[in-house]
Structure formats: C-alpha cells, structure tokens
Amino acid sequence: MLNRNFLRAFINYGRQLSTVAAANRKTISTNRSAQLKEMLLSQKLEFIMEAHSALSAKIVEETGFKAIWASGLSMSASLGLRDSNEASWTQVVDILEFMSDATTIPILVDADTGFGNFNNARRLVRKLEQLGIAGACIEDKLFPKTNSLLDNREQPLADIDEFALKIRAMKDTQQDPNFCVVARVEAFISGWGCDEAVRRAEAYLSAGADAILMHSKKKEPKEIEEFMKVWKNKGPVIIVPTNYYQTPTETFHKWGVSAIIWANHNLRASIKAMQATSKRIYNEQTLINIEPNIVSVKEVFRLQDDQELVNAEKKYLPAKSKN
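First, a word on what this report is: a plain description of the structure on this page. (Residues numbered from 1 in each chain as written. Predicted model: local features only at pLDDT ≥ 70, side-chain atom pairs only at ≥ 80, totals over all residues. Heavy atoms only, no water.)

Ranked by internal contacts, the top residues of the largest apolar core, which has 59 residues, are Leu96, Met99, Ile167, Tyr204, Met214 and Phe227. Met214 has contacts with Val185, Phe188, Ala197, Ala201, Ile224, Phe227, Val237, Ile238 and Ile239, leaving out every residue within four places of it along the chain. Counting residues in each nonpolar core, the second largest holds 18 residues, with Leu40, Ile48, Leu108 and Ile238 among its members. (Core = buried A, V, L, I, M, F, W, Y, C linked by side-chain atoms within 4.5 Å. Buried < 20%, exposed > 50% of the residue type's maximum accessible area, 1.4 Å probe, protein only. Contact = heavy atoms within 4.5 Å.)

All right, on to the state of the cysteines then. Applying the stated rule across the entire model yields zero disulfides. Note on Cys137: no disulfide assigned, nearest cysteine sulfur contributed by Cys180 at a separation of 11 Å. In this model Cys194 remains outside any disulfide bridge; the closest cysteine sulfur is found in Cys137, 19 Å from its own. Looking at Cys194, the relative accessible area reads 7%, which means it is buried. (Disulfide = S-S within 2.5 Å.)

Turning to the pattern of salt bridges, a few remarks are in order. Tallying each qualifying case throughout the model produces 20 salt bridges. Glu46 is the salt-bridge partner of Lys66, the closest N and O atoms lying 3.0 Å from each other. Taken together, the positions of Lys66 in the loop between helix 2 (54-63) and strand 2 (68-70) and Glu46 in strand 1 (residues 46-51) put the pair 20 residues apart, joining distant regions of the chain. Note that Arg184 is salt-bridged to Glu139, the shortest N-O span being 3.6 Å. Of this pair, Arg184 sits in strand 5 (residues 180-185) while Glu139 sits in strand 4 (residues 135-139), placing them 45 residues apart in sequence. There is no split in this pair, since Arg184 and Glu139 are both buried. Because the salt bridges share partners, they merge into one network encompassing Asp83, Asp110, Asp112, Glu139, Lys141, Lys145, Arg184 and Glu186. (Salt bridge = Lys/Arg side-chain N within 4 Å of Asp/Glu carboxyl O. Helix = DSSP H or I, 4+ residues; strand = E, 2+ residues; numbered from the N terminus.)

Take the pairing of strand 3 (residues 107-110) next. With burial as the criterion, each face of strand 3 is covered, one bearing Ile107 and Val109 and the other bearing Leu108 and Asp110. The pairing of strand 2 with strand 3 spans three bridges and is classified as parallel. Bridge pairing in strand 3 places Ile68 opposite Ile107. Looking at chain direction, strand 3 and strand 4 are connected through three bridges and run parallel. Its bridge partner being in strand 4, Leu108 is matched across the sheet by Gly135. (Pairing = 2+ DSSP bridges.)

Per the stated rule, a full pass over the model turns up five aromatic pairs. Ring centres of Phe47 and Trp262 lie 5.8 Å apart, and the angle between their planes is 5 degrees; on these two criteria the pair is classed as stacked. On the criterion of sequence distance, the pair formed by Phe47 in strand 1 and Trp262 in strand 8 (residues 259-262) is long-range, its members being 215 residues apart. For Phe47, a relative accessible area of 28% gives the class partly exposed. Classification of Trp262 by relative accessible area gives partly exposed; the value is 25%. (Phe/Tyr/Trp six-rings, centres within 6.5 Å; stacked < 30°, edge-to-face > 60°.)

So this is what it looks like as structure tokens:
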C-alpha cells in the first residue's frame, strides 16, 4: 500500500503542475489577444490568413502572417461536413486546441452564430480563452447558419436586440480584457441595404463588439464602399474580399478598412493540389513525375517538430548500453 503522505504529496504536486499550466496558458492567451486587438486598432491595413488545422496554421505563421483566421467553412470541409453547423462546437474546439498548440500568433475564430443563444456563446468564450484563442467572430444570422456565399439560399437575420445582447454576454464573460469579439454583419448577404447594415453595426458596437466584419458577396465592393462612407471610422472594420478579389488592396486602405481576411484560400489550394496529385498517380501508376513536385518527407517531419522529440529523448531517456 502506498504511503499516505507520499500519495498526498503526489496529488498536491499534480495540482501545482495544473495551476502552473493554467497560468502559462492564460499568459499566452493574454499576449495573443493583445496582439489581435492591436492589429484591429492599428492605423495600418492588417491581414489575417485562413487555416483549418494545426499544420496549416503553422504554415501560415511561418509565412509571416501576424494572425490566423480559423475558418468555419474550411474546418467543416476538412471534416467532410457542410458549413451549416453540422460540426458541433466541441468538434470545432478540438481542432482549435491543436491549432493553438502549434502556433504563437493570434487566432480569430469563425464562431458562426455563437453555436446557439447567449448562453452557448458565453460558454464558448470561456473555452476559447482556456485554449489561448485571441478572439471570436459571430454572425447575426439564425442557428443553424448557412454559408454566406451559397447562391439562392435564404439568409434570415437574427433579431438585432437579441444579437446585441449575445455580444454583451460574451464581453461580460471574458476574463482576458483583450479577448476580441467581432460582430459579423450579414445585412448585405441577406439582401438588405446600407441603412440596415449601419443600424446593426452601430448596435453591435454599442453592445461592446471590438470590431465589425462587414460581409458582401457581390463581385464589386460597392456595398462595402457605401458602408465605409457612412460609417466614418466609428470602429474597426474587417472585410472578406473572396468574391471581389480583383479590387486593388490599396483601395480598401483608402476607405479606412482595418483588416482583411483571406478566408478560405489555403483550403481551396490544398484541394486543387490533392486532386491533381491523386489523378496523376492514378493515371500514371508511378511516382516519377510526382516526387520532384511535392515537399519531401523530411519537410513533413520538420513541420511536426521532430527535432524537438529527438532532443527530448536525449534528455529524458536513459542512455542505451553499448554492450
């Protein structure tokens, strides 16, 4: 039987480790969220790049981006699901944990509608802060949501007062003062005009939102331009130019846009690469023309940080006998 004093000491030691780990996680979270908030308030036009896994998130950071957009479309697609809240919020959080562990830069999560009412949304904030996530972006549509870029789909909006109170609940819940709540306005997506977009943006900013994401799926950014003229820099504005990508980026800076999200391009690029590679191997039944055009297995090991494990084994495993 174990000595009771030893067992008690062992349990206390475990609690101390847990406390230290939680404190470290909180420090990391605070640093990342402060970085994201600084980006949103910057006078420069900032850029946030999509990722949907730990591997893609690490690549985004290595490329030089200062923040990551954890895309709902991309994460659901990587699971083989539709972007209609088919992935539960706990499944999304599981992906986010790996992404957070693999990177050091801020992650802004595409949190759909908050996965329910105010109570679901504030519980989400608690979990995101525990994982070191810097912020959450929620959209003012009904649960379950429909992807904004789908054609000929109804996009009913949430009640403006209820959504504003959801934002208030999230801000009241956060423990990290720098955790960012971004309100995504879907008025243009739903067929409303600029007046409704401005009305909603003002209500959400008053409720405590740290920034407004103004969304449009037009091929030309006329809706965004009209909104920015009326908005007059009342608060930070983020845009997602997936459909109006031909507009020069400098134009958005002149309008006063704070940040641009490149929303799903790593996912789409990887799909094209995998389709082409799979088709070529299927047709040619050889790797002769494939290997020169893809990364080496060593590059995969590097991205997995295999060298850290090698170093750790030298430190923590007993030396092997030469006999």
